[in-house]
Amino acid sequence: MTMTLGELAVRFGCELRGDPSATVDSVAPLSQAGPRAIAFLANPKYVDQLKGTRAGAVILDAKSAGSSPVAALVAANPHATFARVAALLYPDPPMNPGVHATALVARDVTLDPSAEIGPYAVIGAGVRIGARCLVGPGSVIERNAVIGDDTKLVARAYVGPSVRLGARCVVQPGAVIGADGFGFANEKGAWIKVPQVGSVTVGDDVEIGANTTVDCGALEDTVIEDGVKLDNLIMIAHNCRIGAHSAIAACTGIAGSTTLGKRNIVGGRVGITGHITLCDDVIVLGTSFISNSISKPGVYSSSLPAEEAGVWRRIVGRIKRLDSMAKRQRALEKHTGFSALEQDSSED
Amino acid sequence: MTMTLGELAVRFGCELRGDPSATVDSVAPLSQAGPRAIAFLANPKYVDQLKGTRAGAVILDAKSAGSSPVAALVAANPHATFARVAALLYPDPPMNPGVHATALVARDVTLDPSAEIGPYAVIGAGVRIGARCLVGPGSVIERNAVIGDDTKLVARAYVGPSVRLGARCVVQPGAVIGADGFGFANEKGAWIKVPQVGSVTVGDDVEIGANTTVDCGALEDTVIEDGVKLDNLIMIAHNCRIGAHSAIAACTGIAGSTTLGKRNIVGGRVGITGHITLCDDVIVLGTSFISNSISKPGVYSSSLPAEEAGVWRRIVGRIKRLDSMAKRQRALEKHTGFSALEQDSSED
Amino acid sequence: MTMTLGELAVRFGCELRGDPSATVDSVAPLSQAGPRAIAFLANPKYVDQLKGTRAGAVILDAKSAGSSPVAALVAANPHATFARVAALLYPDPPMNPGVHATALVARDVTLDPSAEIGPYAVIGAGVRIGARCLVGPGSVIERNAVIGDDTKLVARAYVGPSVRLGARCVVQPGAVIGADGFGFANEKGAWIKVPQVGSVTVGDDVEIGANTTVDCGALEDTVIEDGVKLDNLIMIAHNCRIGAHSAIAACTGIAGSTTLGKRNIVGGRVGITGHITLCDDVIVLGTSFISNSISKPGVYSSSLPAEEAGVWRRIVGRIKRLDSMAKRQRALEKHTGFSALEQDSSED
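In what follows, the accompanying structure is described. (Residues numbered from 1 in each chain as written. Chains lettered and ligands numbered in written order. Predicted model: local features only at pLDDT ≥ 70, side-chain atom pairs only at ≥ 80, totals over all residues. Heavy atoms only, no water.)

The pair of chain copies shares a relation made of a rotation about an axis and a shift along it. When chain A is fitted onto chain B, the two copies agree to an RMSD of 0.0 Å after a turn of 120° and an axial shift of 0.0 Å. Such values leave the two copies arranged in the relation of a three-fold axis. (Least-squares fit on C-alpha atoms with pLDDT ≥ 70 in both.)

Let us now look at the sheet that holds strand β27 (residues 222-224) of chain B. Residue and element names in this part refer to chain B. If you walk across this open sheet you meet the nine strands as β10-β13-β16-β19-β24-β27-β30-β33-β36, and the pairing is parallel. Here the strands that pair on one side only, and so sit at the sheet edges, are β10 (110-111) and β36 (277-278). Two strands pair when backbone bridges link them, and strand β16 (residues 146-147) and strand β19 (residues 164-165) are joined in this way by two bridges, in the parallel orientation. Bridge assignment links I147 to a residue of β19, and that residue is L165. (Pairing = 2+ DSSP bridges. Helix = DSSP H or I, 4+ residues; strand = E, 2+ residues; numbered from the N terminus.)

Attention now goes to the pattern of salt bridges. A complete count under the given rule lists 48 salt bridges over all chains for this structure. Across the pair E187 of chain C and R84 of chain A runs a salt bridge whose closest N-O atoms are separated by 2.7 Å. With E187 of chain C in strand β22 (residues 184-187) and R84 of chain A in helix α3 (residues 78-89), the pair connects residues from two separate chains. A residue is classified by how much of its surface remains accessible, and R84 of chain A, at 32% relative accessible area, is partly exposed. Close ionic contact of E333 of chain A with R328 of chain C constitutes a salt bridge, the shortest N to O distance being 2.8 Å. Within this pair, whereas E333 of chain A is found in helix α5 (residues 322-336), its partner R328 of chain C is found in helix α5 (residues 322-336), the two belonging to separate chains. Take E333 of chain A: its relative accessible area is 4%, and that puts it in the buried class. Each member of the salt-bridge network shares a partner with another, and the members are R314 and R318 of chain A together with D323 and K327 of chain B. (Salt bridge = Lys/Arg side-chain N within 4 Å of Asp/Glu carboxyl O. Buried < 20%, exposed > 50% of the residue type's maximum accessible area, 1.4 Å probe, protein only.)

Turning our eyes to something else, we now look at the interface of chain A and chain C. Interface extent is often summarised as the accessible area lost during association of the parts. Facing 75 residues of chain A, the contacting portion of chain C comprises 75 residues. Per-residue buried area on chain A facing chain C is highest for Y120, R156 and R269 of chain A; these three make up 11% of the total on that side. At the boundary of chain A with chain C, the tally comes to six salt bridges. With its nearest N and O atoms 2.9 Å apart, the salt bridge here joins E207 of chain A to K193 of chain C. Where chain A meets chain C, there are 24 residue pairs in polar contact (both at pLDDT 80 or more). For the side of chain A that touches chain C, the secondary-structure elements that each account for two or more residues are α3, β28 (229-230), β31 (247-248), β40 (307-308), α4 (309-320) and α5 of chain A. Examining the composition of the side of chain A that touches chain C, we find that ten residues originate from one element, α5 of chain A, more than from any other. Grouping the amino acids of the side of chain A that touches chain C by side-chain chemistry returns 39 nonpolar, 18 polar and 18 charged. With two bridges connecting them, β40 of chain A and strand β39 (residues 298-301) of chain C associate as antiparallel partners. From the neighbouring strand, E307 of chain A faces β39 of chain C, where its bridge partner is S301 of chain C. (Contact = heavy atoms within 4.5 Å. Buried area = accessible area lost by both parts, 1.4 Å probe. Polar contact = N/O pair within 3.5 Å; in protein donor to acceptor, adjacent residues only side chain to side chain. Nonpolar A, V, L, I, M, F, W, Y, C, P; charged D, E, K, R; others polar.)

Here it is in structure tokens:
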């Protein structure tokens, strides 16, 4: 879609420095953008990247605006404004409301006529599907699930029995929402399946990434609150609650019955143990392991950056002998009659 | 389903303390249960949780039974009994034996008439499907696979060529059993695919989680023994053997040709290297890395709990200088003429 | 398929030590192979494994050839030759060129008549599919995607809009190539989706594992170069570039905008942070975390091998007090008037 800079400025409340009749039809990085493309500068720290750009216009903040060699759209939050401009320039393909001839929809499904049910979708008894929903090809929605207005299952999603998805959610391909939680009772060394009688409740404006899995609760629902964004290949186990507007990067696993507060940001490949609570506004750096509840907002980490393998092997050897090293230190202190400045509270 | 407490006591061999004609129809947590719900107390340690429960009945052990303010079903293994009671109260929806009109079943498939083949399932030549199997919507079963009696593929499962699944297995949505193992020969810097001519053999009573993958063996089968429970997003590489009644939590990966003994319990996000053997009764704590064979039953870990990020950064700096620190300690010992109480066997 | 050893020797340029008219029809491990099976010895280090083999023939290098008790095919690269022999003995099932009656192919798709489009495949507008492609059952190919000659989507693959796959690729079941990248702008604590207008470009001879996900680029394409092999359950985030002939093991995640050079080998369950560059010929050991760019070829690691849990708990306690330990060491040095042999550059 083509827009003039003037239209963009009016629509998104930006100050325009440049020709309002100039047009753009695409977005691109600063270094690649041609005169028909719009770029953005999220952080004034990188103002040098403006040099030499040939973009048709740049979205940036007031502080950086003077440095732009091309037309500037000045925004309070350039990244957010860029997101909205890109959504306008790249509209989703038009929907085809109605049920594809090959979709199988149970008789008592409540289906808004503006929804699009794609080929080979299978929709079970008692399901309710809201306005302007997209149920992409090959998706399976089990009995009594509820899909809110404007929610899109891109393709091949699985939505289990009685799962509730809010409005404006996006479910990427291969996501599984509402498989059985992993619950087994041990009896004489063998495992007996504990029926998982809860389901999953997902709020509004939630994104669920490709091949991510959110399991049903054991007794009550697993809950994903409003505005949560889950990347790909994430595991949310039974009875978790993920607080509103939290964002979790790929390959992270959260064990059962754990609660994350609001606005948590969790990096990739993180592990979070079960039955703990993280308060609001916790940030967990990628590849860390959270084993205890966190009651203080802040940034947490246990990531270990790699070294050349020979160096690392030597460090690991030292780590494995740390106990011995500490004991030698204590012995040496005693030998020299030195009373440590810092008393170490541990038993040695 | 509604049951009297008397019926439950008889069926599951519990002592009932309470009115045998009272009825329950659901399960719930102790704190949430109303008078029509049955709850359980797995561990006498948490006996305080019985206080104030309004459950219709509680399943618990003899030690805790006196503390229940409501009707009690006394069981030797309350969790296992609870699992069975829940399975009774929440029966699976009735099956619809037969082949859905949209399912594609090759001509020479051996199909028990009591099995249910769901919509858009695709079943290849030479497949055998046992009694009361469920092949859920969108599942693909390749040529010559065998599915044992009472096994359920919930939806969108993939079962590769010649894979054998035992009886009473449950395969959650999106699981892939029998993709090619990851085998390549390197020739002058490029990779040549090594055909994976093995398949996968899965025993009885196995659960395979959502989007979990179990690869075909290179030459012989990858083997999942009886009673194994695999959570979601797990990778079992080619030629692994997972011992009977082992349970593995989500996001764990096991590299090729590794053998786990019986009754291993592996936490979430664990990595286990290839070509090693773990004996029976090994427990691996979540997020650990097993790099060597284990020949002694026990609990193993290399998990690193997170700290506030600034604190952690300082610790990492110390870890990276451990070699220097150890050398300084040795020098200091020499300087003071101190002969360490504990001789450290390492070369310094 | 049955072949004589003479035919194999001629076809693959091996020296044959044995009867050229002897036949084999299968491959097997040295220890299991019977007289109709061919085995291989990749590494002369394991020459002892030849003892007692009953294989019909063994593929090995010149150095080991004298030790074979059975017929020997002498090859410069026994593993690569074995791969080719196995491919010959176990041919893929014959293709059925054409479009299955249940496949849905948009009107303007360009489809080579030698391609096979399987049941319940859904192929969008503007897609181009090359010669001898296989689009397996339940696969979804979105608008304007391009699939190169001889590429096989085994089953249930998802290929997003405008994704380009080269020739001779293999996509295992459940893989998702071209879901939205994980891009959101934060505005007052909530997340606004940033449209991901790039797609994915995949080179020739690439393997993409089961349930692996490769996301679309934010502005430009995510790129997987020629000859890359990706195992199962891998995450490649938006705007990554994976250099030619790299191989990545299962459960590894690579964050956005990171570039791997050529011939990188990345172990399983590795995390690689975003916006960094690894040069050519980097090897990352399994479960490591790469947080910084690497400019020197070599082997890198931060893996921590497990210990018995009690021992490990004590080590973790020591790690957490490393800062205090270092300070005590410094104080002790001062107390004894000892000037350390190695000055530690850190602030204490």
